[in-house]
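If you want the building blocks of each chain, they are given just below.
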Amino acid sequence: MTVTVCIPAYRAGAFIVETVGSVLRQSHDDLRVVVAVDPPSDGSRDDTADALEAFRSDRRLSWHVNSRRLGWAQNVNSLVDHVKTPYYAFLPHDDIWCPNYLEVLLEAINARPEAVVAYADSLRFGDSDPVRVGVDLRSGEDRLRGLLRFLIQGTEAHMWRGVSRTEALHEIGGFPIDGHKGLVVECEYSLALFGAGTVVHVPRTLYFKRIYERIIVSASRERMTQPLPERVEGWEEHDRRMTRLLEKALADTKATSEQATLCHAAKDAALVRRRQQFVGKTLEARHLERIAAALSACADSSDPLAPEVAANLHLVLQVHFESVGDSTSANEESRKAWTVAPNSAAAVLAHAKALDRDNRPLEALERASEVIRLSPRDEAMVAHALIRQIYDKLQWTAPFHADVANPSTEDGTAVTRPHPRHLDPSVEVTRGVRPYLEVLSDLHAVLAPKKYLEIGVRHGASLALATCPAIAVDPVPETGTLPSNVKLHRCTSDDFFLIHASSAMRGEVDLAFIDGVHLAEFVYRDFINVERIMAQNGMIVIDDVYPNHPIQARRVRTSQVWTGDVWRFALFLESNRPDLELTWLDTAPGGLLMVSNLSPVDDRLREMYDATVREWAAQPDVAPPRSILSREHAIAPTRDVLLRHSKR
């Protein structure tokens, strides 16, 4: 299964070694790598070819310098002539693959003989916080459904970076080029793939896309600086091409008239939004008429995805009305978007912003928190910023995940005040036979771990119990100087596992303590990621599984004692992983759950994640059952009990 990796390069001397190195170190090593170096049009020297000399001895790699500047799209298209193998992949000169990128995607595409491409999610890094991005296609759905989801998610071009069958090139006709500096032609290529066959999404982050600081003029930013008439002409050509490609894909998938109409409505929402990004936010009358017709099509559709299409259309109108200074209409459109699609992160975020503009900060805070639950991606970053803004407006203490703008200690750590107590004293009740720190101390003594991992450090009281080498993860810890046995990662746990916790760490951790974000889906992801790196007979301990009052279990914190809905994941784990040994401990203030008999290779939880979180999202604030509030199954955490229930 030889793969040709096509790398278009331009002024890439600073990045090409890292990019090519990530390819040549792939676990699937049956590959050919071809680099096409585009020379600068001004005749200046380009050191890309010089940098590639470091790989001269690897016969899998070849490179050439074009006789003239082609531009990025034409350079990509020129590489198509070098594809003589059954599979190929495009890789821009400054991006990076995980070591198993090809292995995973080849396995996925070969499991589906009708598939033309398999792609994975990406992580944007560089001049921004790391953000996961992707186009989510659901496993088991047909091509037409995948096409509609692609259109709803903005016709973003993630699949152009995947692994494709070479036979698809004949169907597509190569990589598209235009006369407008390659204005989003990768989106056209991606839509063409849907017309050529099945598109497979692998919901794993295997691709790293570099983002530049704003002073660097990348190819995409260069296109944004074109004169307005050229941008208008480029967008209109892109609009016509996307419409033609969609018609072909709809014909190939044998879409009904109603299905085709809804797909066109979704495409119109995506492309008019793209016009707002590349040309201008204010729409002309013809564009407004187009949006109105698409909204009418959504209203007539019985498809369960029609509300998401309608929400996107309302968000386009919201941006338009904001641009013309009509804040009343803008807020109304954001409200409509949220009403028709309350589980759309983009719609909920727009409504949160509108509520904040209307000086309704508490409602805005609730919506912004909902965005974070719905999306771990771009919208969540904007929601975090909005939450910080609302906290400032209310003169509240910044949330723990906020950036530290003015650290209060010399080592840059944050200092925060405790959350205010609830007005009803009964809400702040706690119970438990022993304090959880005492129990954790006993666990360290009983298990004598060789390596300890802690998610969520805060003041460092539990971290201080570890005497072995320890790894601590917290975006904004409130600790002082840490002992030499501790390595602290100042990042979210999601980013830690994506970037720092390499496969080399697998099997090393004997004891892990999960005490990060007190929301079920965050604990769910933490557990999946932690279990994968645990040692044989290791143990995971989860904090705050027992709220003492229903208000302590709410997703938006309103009390000083707060467990969130961690209990929800704990019960889910009990029901769906019967192979695990769970021990519920009666500790103060919020209970502990010991989990042993772990299986790092078990993928059931990972496979169930999307469907489970969508189900939770439909009922966000479910009251804990009586068995949880009464600690029905909790046992007294004596040292004898810990010895008996540990797998040592």
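These figures come from a predicted structure and were not determined experimentally. (Residues numbered from 1 in each chain as written. Predicted model: local features only at pLDDT ≥ 70, side-chain atom pairs only at ≥ 80, totals over all residues. Heavy atoms only, no water.)

## Digging into the overall build of the protein
Counting secondary structure elements, the protein contains 23 helices and 18 strands. With the principal axes as the frame, the protein shows a C-alpha extent of 75 × 65 × 50 Å. Expressed as a percentage of the 648 residues in the protein, the buried residues total 54%. Here the analysis covers contacts within the protein between residues at least 6 apart in sequence; of these, 72% occur between residues at least 24 apart. In the form shown here, the protein has an accessible surface area of approximately 28,100 Å², with 51% of it arising from carbon and sulfur atoms. Each charge class in the protein can be summarised by its mean position, and for the 75 positive and 89 negative side chains these summaries are 1 Å apart. (Helix = DSSP H or I, 4+ residues; strand = E, 2+ residues; numbered from the N terminus. Buried < 20%, exposed > 50% of the residue type's maximum accessible area, 1.4 Å probe, protein only. Contact = heavy atoms within 4.5 Å. Areas by Shrake-Rupley, 256 points an atom, 1.4 Å probe, with all protein chains shown as cover. Lys, Arg positive; Asp, Glu negative; His and termini not counted. Charge placed at Lys NZ, Arg CZ, Asp CG, Glu CD.)

## Brief notes about the pattern of salt bridges
A full pass over the atoms with the stated rule returns 41 salt bridges. Across the pair arginine 357 and glutamate 322 runs a salt bridge whose closest N-O atoms are separated by 3.2 Å. Taken together, the residues span a long stretch of sequence, with arginine 357 in helix α14 (residues 345-357) and glutamate 322 in helix α12 (residues 306-323) at a distance of 35 residues. Take arginine 357: its relative accessible area is 40%, and that puts it in the partly exposed class. One salt bridge connects arginine 604 with aspartate 579, and the closest N-O pair in it is separated by 3.0 Å. Highlighted residues: arginine 604 in helix α21 (residues 604-618) and aspartate 579 in the loop between α20 (566-576) and β16 (581-585), separated in sequence by 25 residues. With relative accessibility at 34%, the residue arginine 604 sits in the partly exposed group. (Salt bridge = Lys/Arg side-chain N within 4 Å of Asp/Glu carboxyl O.)

## Details of the packing of aromatic side chains
Counting across every chain of the model gives 21 aromatic pairs. A ring pair is formed by tyrosine 546 and tryptophan 584, whose centres lie 5.5 Å apart and whose planes are at 40 degrees; its orientation type is tilted. Residue tyrosine 546 is found in the loop between β15 (534-543) and α20, and its partner tryptophan 584 is found in strand β16; the two are separated by 38 residues along the sequence. When its relative accessible area of 1% is taken as the criterion, tyrosine 546 is described as buried. One aromatic cluster is present, formed by Trp72, Tyr88, Phe90, Trp160, Phe175 and Tyr189 through successive ring pairs. A cation over an aromatic ring shows up here: arginine 69 above the ring of tyrosine 10, its NZ or CZ 3.9 Å from the ring centre. For arginine 275, the ring lying beneath its charged end belongs to tryptophan 235, and the centroid distance is 5.7 Å. (Phe/Tyr/Trp six-rings, centres within 6.5 Å; stacked < 30°, edge-to-face > 60°. Lys NZ or Arg CZ within 6 Å of the ring centre and 35° of its normal.)

## Description of the side chain of aspartate 474
Looking at where aspartate 474 falls in the secondary structure, it is placed in the loop between β12 (470-473) and β13 (486-489). Only 3.1 Å separates the side chain of aspartate 474 from the backbone nitrogen of arginine 458, close enough to count as a polar contact. Setting aside anything within four residues of it in sequence, one finds aspartate 474 in contact with Gly456, Val457, Arg458, His489, Arg490 and Cys491. (Polar contact = N/O pair within 3.5 Å; in protein donor to acceptor, adjacent residues only side chain to side chain.)

## A short note on the pairing of strand β11 (residues 452-455)
Burial along β11 is two-sided: Tyr452 and Glu454 and Leu453 and Ile455, pointing in opposite directions, are all buried. With four bridges connecting them, β11 and β12 associate as parallel partners. What sits directly across from isoleucine 455, in β12, is valine 473. Where β11 lies against strand β14 (residues 509-514), four bridges are found, and the strand directions are parallel. (Pairing = 2+ DSSP bridges.)

## Describing the sheet that holds β14
Pairing in this open sheet of seven strands is mixed, and the strands run β13-β12-β11-β14-β15-β18-β16 from one edge to the other. The two strands at the open ends of the sheet, each matched to only one other strand, are β13 and β16. Put simply, the sheet's adjacent strands are angled 15 degrees from each other on average, direction ignored. The sheet contacts of α20 involve β15, β16 and β18 (592-596), and relative to β16 the element is tilted by about 145 degrees. (Axes fitted to C-alpha atoms, helices over the stretch in contact; angles between N-to-C directions.)

## Some details on the confidence of the model for the protein
Taken residue by residue, the protein gives an average pLDDT of 88. The fraction at 70 or more is 92%. Within the protein, no element has a lower average pLDDT than helix α8 (residues 219-224), which sits at 56, and none a higher one than strand β4 (residues 87-90), at 98. Note on residues 214-218: pLDDT is under 50 here. Beyond four places in sequence and across chains, it has five contacts. A low-confidence stretch, residues 399-417 (pLDDT under 50), is modelled with 35 contacts involving residues beyond four sequence positions or located in other chains. (pLDDT = per-residue confidence, 0-100.)

## Some thoughts on α21
Look at α21: 22 Å from first C-alpha to last across 15 residues, which is about the 21 Å you get at 1.5 Å a residue. For α21, the principal kink sits at aspartate 610 and spans about 45 degrees. Looking only at α21, the buried set comprises Leu605, Tyr609, Thr612, Val613, Trp616 and Ala617. Looking at the buried positions of α21, the neighbouring elements they touch are α15 (361-374), α19 (520-531) and α20. (Expected span 1.5 Å × (residues − 1). Bend = angle between axes of the 7 residues up to and from the residue.)

## A word on the nonpolar core
Counting 65 residues, the largest nonpolar core has Phe90 and Leu147 as the members making the most contacts within it. At nine residues, the largest contribution of residues to this core is made by helix α10 (residues 257-278). Leave out the neighbours within four places in its chain, and leucine 147 touches Leu191, Phe194, Leu246, Ala249 and Leu250. Counting residues in hydrophobic clusters, the runner-up holds 41 residues, among them Leu61, Leu106, Val163 and Val202. (Core = buried A, V, L, I, M, F, W, Y, C linked by side-chain atoms within 4.5 Å.)

## Remarks on the packing of helix α13 (residues 327-340) against α14
It is the contact of α13 with α14, at a shortest axis distance of 8 Å, that shows an interaxial angle of 140 degrees. Taken together, the axes of α13 and α14 are oblique relative to one another. Regarding α13 and α14, the two cross each other, and that crossing is left-handed. On α14, the residues that touch Asn331, Ser334, Arg335, Ala337 and Trp338 of α13 are Ala347, Val348, Ala350, His351, Ala354 and Arg357. Here the residues of the contact of α13 with α14 are counted per class, giving six nonpolar, three polar and two charged. (Parallel < 35°, antiparallel > 145°, perpendicular 65-115°, else oblique. Left-handed = near helix turned anticlockwise from the far one by under 90°. Nonpolar A, V, L, I, M, F, W, Y, C, P; charged D, E, K, R; others polar.)

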